[in-house]
Amino acid sequence: MPAVHHKLLLEEALQDSPQTRSLLSVFEEDAGMLTTYTNQLLQSLQRVFGAQSEMGLATEQLSKQLLEYEKKNFALGKGDEEVITTLQNFAKTVGELNSLHSELANQMADSMVFPLIQFREKDLTEISTLKEIFGIATDEHEAAMVKYSRLPKKKENEKLKSDLVKEVAYTRRKQHQASLQYYCALNALQYRKRVAMLEPMLGYTQAQISFFKKGVELVSKKMDNFLSSVSNMTQNIQAQLDAEAETMRGSQRELLSVEDTVYMPDKDIEPVNRTLIQKAGYLNIRNKTGLVTTAWDRLYFFTQGGNLMCQPRGAVAGGMVLDLDNSSVMAVECEDRRYCFQITSPSGKTSMILQAESKREYEEWICTVNNISRQIYLTDNPEAVAIRLNQTAIQAVTPITSFEKRPEGSPNPDRAKPGGVHVAGSGSQKTGTAPEAEDLIAPGTPIQFDIMLPASEFQDQNRAGGRRTNPFGETDDDCSTESDDSLLQQVFAVRFLGSMAVRCGDNQEVIYEAMRQVLAARAIHNIFRTTESHLMVTSSSLRLIDPQTQVTRTSFQLGEVCQFAAHQENGRLMGFVVEGRDWSDGDEEGEPSFSAFVFESNTEGEKICYTISLAKDITEAKKDPEALAQLMKNMPLTNDGKFLLLEPETGDTTNPDGQEDSESEA
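Residues numbered from 1 in each chain as written. Predicted model: local features only at pLDDT ≥ 70, side-chain atom pairs only at ≥ 80, totals over all residues. Heavy atoms only, no water.

1. Some details on the overall build of the protein
In terms of regular secondary structure, the protein is built from 12 helices and 14 strands. In the protein, which comprises 666 residues, the proportion classed as buried is 42%. In the protein, the proportion of contacts linking residues at least 24 apart, taken out of those at least 6 apart, comes to 68%. For the protein, the computed accessible surface area is about 36,900 Å², with 51% contributed by carbon and sulfur atoms. (Helix = DSSP H or I, 4+ residues; strand = E, 2+ residues; numbered from the N terminus. Buried < 20%, exposed > 50% of the residue type's maximum accessible area, 1.4 Å probe, protein only. Contact = heavy atoms within 4.5 Å. Areas by Shrake-Rupley, 256 points an atom, 1.4 Å probe, with all protein chains shown as cover.)

The following block contains the structure:
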C-alpha cells in the first residue's frame, strides 16, 4: 500500500503563510468531498442492509406459509401427502436459511454499516469542529494584531504596550495550538479515509463468505487468500497511521515547547540578517481611501527575483506589486506608527509605505529591498556582494524627516473586488373562466391528506392546537368555556380523509364536490392510510383529539363552520366547510377564505351533522335564556345535565370510552 505523500507541515503552522493556507484549502476541499462521498456510500450500505433484513423477514414468512398448506384441508387435496411432506422439508430448509439471513444481517450491521457511521460521526465531525476552532483563533489573532499595529510611537504607553504584546502572544499561541491540532487531524484523515473505505467492504465480504460457507464450502476457499490480503493491508495501514500519529505528536510537543518570545511580535532574539536577497512575511500597507484619509491592510508580501509580490489570504498565487530593480527604500515616520518604510520606483512616480511588526523585520525588509534594488540576485555570489554592501544598507535604516518624503502612491492588489450581479424577475398569471364545477373548487387545488401535517396554507395560523384535552370535559380553560361546553359534549370516532381550499361556503354542493375530489385523488395516488381521531362536538367548537394522548390536534370555532353535510349515498362520509380570513392583500378585515374537511366515521354521518346542528342551536339559544330553557325541556338530558343524543344501545354521552369502543367495533 503506497504511503501518503501529501501532508501539512506542522513547522509552518506558526508562520501561517498563504502558501500554507492554499495547501490547507486543498485538504479542506478534500475533506468536504470525502464527507459527501461518505454520506452517499453510507446510504448505499444501509440500502444493502435493509434489503438483507427484508430478505430474512421474507424467508421467515415463506417458511410459515409453506406449513400452512397442510392446514388448509383442501376438498380436493386427497393424495397431497407427498406434496405436504415436500413442502415441510422446504419449510425446514427455508427456516434454516432464514436463520442464516438473520445472522448475515447482524454481521452487516456490525462490520459494514457501523464502521462507516463511526468514521463519519467521529473523524469527519472532529475535522469540522477543529476547522471552526481554527477559524475563531485566526480571527482573534487578526484582531490582536490590528490593535498592536496601532500602538503609538510618540506617546508610548508601556503598560498598554505590555498588555497588547501579551494579548498578541496569547492569541498567536492559541492559533498555533489550534492549527497544529487541525493539521494533525487533516494529515491523519488521509490514512483514516483509506481504512474507512476498505473496512466496510471487508466486513461485507466476510459476512457474505460466512453465509455461503455454511452452504457451499468451496466459495470460502476461493476467497480466503484475497480476504487475508485485504485484512493484512488494513493492518498495515493502521500500523502506518499509528507510526505517523506518534511522529506528529512528538513534533507537536517539540514545536509547543518553545519560549513565549516566539509568539511575541517585538521580542526577536536572533540578530538582524542584513545580507538577505529574499524575504517573505506579513506587512501592513497604507492605502488612500480619500483625499486626506488612509487605511492600512495587513497582507502577505514576498520577493521573487527582482519583484515585490503580494498574495492576499485565500488567493491561489501572488501578484506583482512593484519592480524593485534600481528602486529606493528608506525608513519613514508615518501617522505615528512604528517600523514604517517606503519603497519608491526609479522614476519616483510610484511609491508605497509599508509597516513591519517588529524592529528586526523592519530592518531586514529594508536591507533585503536595498540588496535587490542593486540587482545583487543576478551576480554569481549574491551573498558575498550583500555583505560588502551591508554598510550601505544600514544607512537606509535611519528615518528621514517629513520634508524629505517622496510623493506617495498606494497600489494595493487586494483592492479590486468583483461587482455584484443584480437579478430581477417578474411574472404574473391570470385565471381563466371555469366551468360550473370549477365555481366550487379551483382547478389544481392541492389536497392535504394528513391532519398531522403543519397547518395548511388555507388555515388560520392562530387557531388553538396541541393542547391536551380531556374528553370528559375536565380541561384547563376558563370557567366560562367550561360552562358553555358542559351543555353539549359528544365524541365520534372519525378518520381524516383530506382537506382542500374551496371557493364558497354557502352551498352543500361544495362539500360533495370536495368529497369526490378527495376520494378520487386517494384512488389515483394509492393513498389508503388514514389518521383516526376523536371528533368532539361541543356547544362552542369542534375538536380533533388524538385518541392515545388526548392532545388536541386542531380545533375549529363553531362560528367558523358555515356548512356541514353527510354524503347522499355513503352515509359514513361527512364533511364541513370552515370560514377563515386571508390578510395577504393587506386588507385590515381580510378576505374570506373557505376550506373543506372530509371525514369517514364509524357511525352515520347524519348523526354527526345533527350534533353540529344542535350545537349551533344551543349557541343561538344561549343568547336568550328563555329559548335555552325551552330547548332543554324539549331535549332529553343525562344525569349531569348534558344533552342526550345517541340511542342507549349505541353509547352514552356520559361515557366517552364506551362510545369509542362501540364505534371502533362498528
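2. A word on the sheet that holds strand β2 (residues 294-304)
Spatially, seven strands are ordered β4-β3-β2-β1-β7-β6-β5 in an open sheet, and the strand pairing comes out antiparallel. Each having just a single partner strand, β4 (319-323) and β5 (328-334) make up the two edges of the open sheet. Going from strand to strand, the sheet's axes swing by 40 degrees on average, the running direction of each strand aside. Pairing between strand β1 (residues 280-288) and strand β7 (residues 351-355): two bridges, direction antiparallel. Residue pairing for β7: isoleucine 285 is matched across the bridge by leucine 354. Its contacts with the sheet put helix α5 (residues 359-373) on β1, β2, β3 (307-311), β5 and β6 (337-344), and the angle it makes with β6 is roughly 10 degrees. (Pairing = 2+ DSSP bridges. Axes fitted to C-alpha atoms, helices over the stretch in contact; angles between N-to-C directions.)

3. Details of the pairing of β1
Within β1, seven of the nine residues are buried, which leaves the element mostly enclosed by the surrounding structure. The pairing of β1 with β2 spans nine bridges and is classified as antiparallel. Within β2, the position partnered with alanine 280 by the bridge is phenylalanine 302. Hairpin connection of β1 to β2: five residues between the antiparallel strands.

4. Topic: the nonpolar core
Grouped together as the largest cluster of nonpolar side chains are 38 residues, with contacts concentrated most on Tyr182 and Leu186. Counting only elements with at least two residues in this core, the list comes to α1 (18-71), α2 (81-149), α3 (158-213) and α4 (217-256). The leading source of residues in this core is α3, at 13 residues. Every residue in contact with tyrosine 182, bar those within four places of it in the chain, is listed here: Leu24, Glu28, Ile127, Leu130, Lys131 and Phe134. Within the second largest apolar cluster, 25 residues are counted, among which are Phe492, Phe564, Phe597 and Phe599. (Core = buried A, V, L, I, M, F, W, Y, C linked by side-chain atoms within 4.5 Å.)

5. A few points about the sheet that holds strand β14 (residues 591-601)
Two pairing modes exist for strands in a sheet, parallel and antiparallel, and in both the strands are linked by backbone hydrogen bonds. Read across the sheet, seven strands follow the order β11-β10-β9-β8-β14-β13-β12 without closing on themselves; strand pairing throughout is antiparallel. In this open sheet, the two strands that pair with only one neighbour each are β11 (552-557) and β12 (561-566). In this sheet, adjacent strand axes meet at a mean angle of 35 degrees when their direction is disregarded. The pairing of β12 with strand β13 (residues 573-582) spans five bridges and is antiparallel. Paired with alanine 566 across the strands is methionine 574, a residue of β13. Sitting on the sheet, helix α9 (residues 509-524) touches β8 (489-502), β12, β13 and β14, and the angle it makes with β8 is about 80 degrees.

6. Topic: the packing of aromatic side chains
Scanning the entire structure with this criterion turns up 11 aromatic pairs. Plain terms: the ring middles of tyrosine 300 and phenylalanine 302 are 6.4 Å apart, the flat faces sit at 40 degrees to each other, and that makes the pair tilted. Taking relative accessible area as the criterion, phenylalanine 302 reaches 12% and is therefore assigned buried. Seen from their ring centres, phenylalanine 576 and phenylalanine 599 are 5.6 Å apart, and the 20 degrees between their planes marks the pair as stacked. With phenylalanine 576 in strand β13 and phenylalanine 599 in strand β14, this pair connects stretches of sequence that are 23 residues apart. An identical accessibility class is assigned to phenylalanine 576 and phenylalanine 599; each is buried. Its guanidinium or amino end placed over the ring of tyrosine 282, arginine 298 lies 4.4 Å from that ring's centre, counting from NZ or CZ. (Phe/Tyr/Trp six-rings, centres within 6.5 Å; stacked < 30°, edge-to-face > 60°. Lys NZ or Arg CZ within 6 Å of the ring centre and 35° of its normal.)

7. Focus on the pattern of salt bridges
In this structure the tally under the stated criterion is 27 salt bridges. A salt bridge links arginine 253 to glutamate 246; the shortest N-O distance between them is 3.9 Å. Here glutamate 364 ties to lysine 279 by a salt bridge, and the two come within 2.7 Å at their closest N and O atoms. Separated by 85 residues along the polypeptide, glutamate 364 in helix α5 and lysine 279 in the loop between α4 and β1 bring together distant segments of the chain. The two residues glutamate 364 and lysine 279 agree in class, both being buried. Overlapping salt bridges, with partners in common, bring together Asp16, Arg21, Glu142, Arg172, Arg298, Arg313 and Glu357 in one network. (Salt bridge = Lys/Arg side-chain N within 4 Å of Asp/Glu carboxyl O.)

8. Thoughts on unusual backbone geometry
Phi is positive for tyrosine 339, which is not a glycine, with a value near 55 degrees. With respect to the helices and strands, the residue tyrosine 339 is situated in strand β6. The buried category is assigned to tyrosine 339, whose relative accessible area is 16%. One non-glycine residue, glutamine 550, adopts positive backbone phi at about 60 degrees. Considering the arrangement of structural elements, one finds glutamine 550 in the loop between β10 (541-545) and β11.

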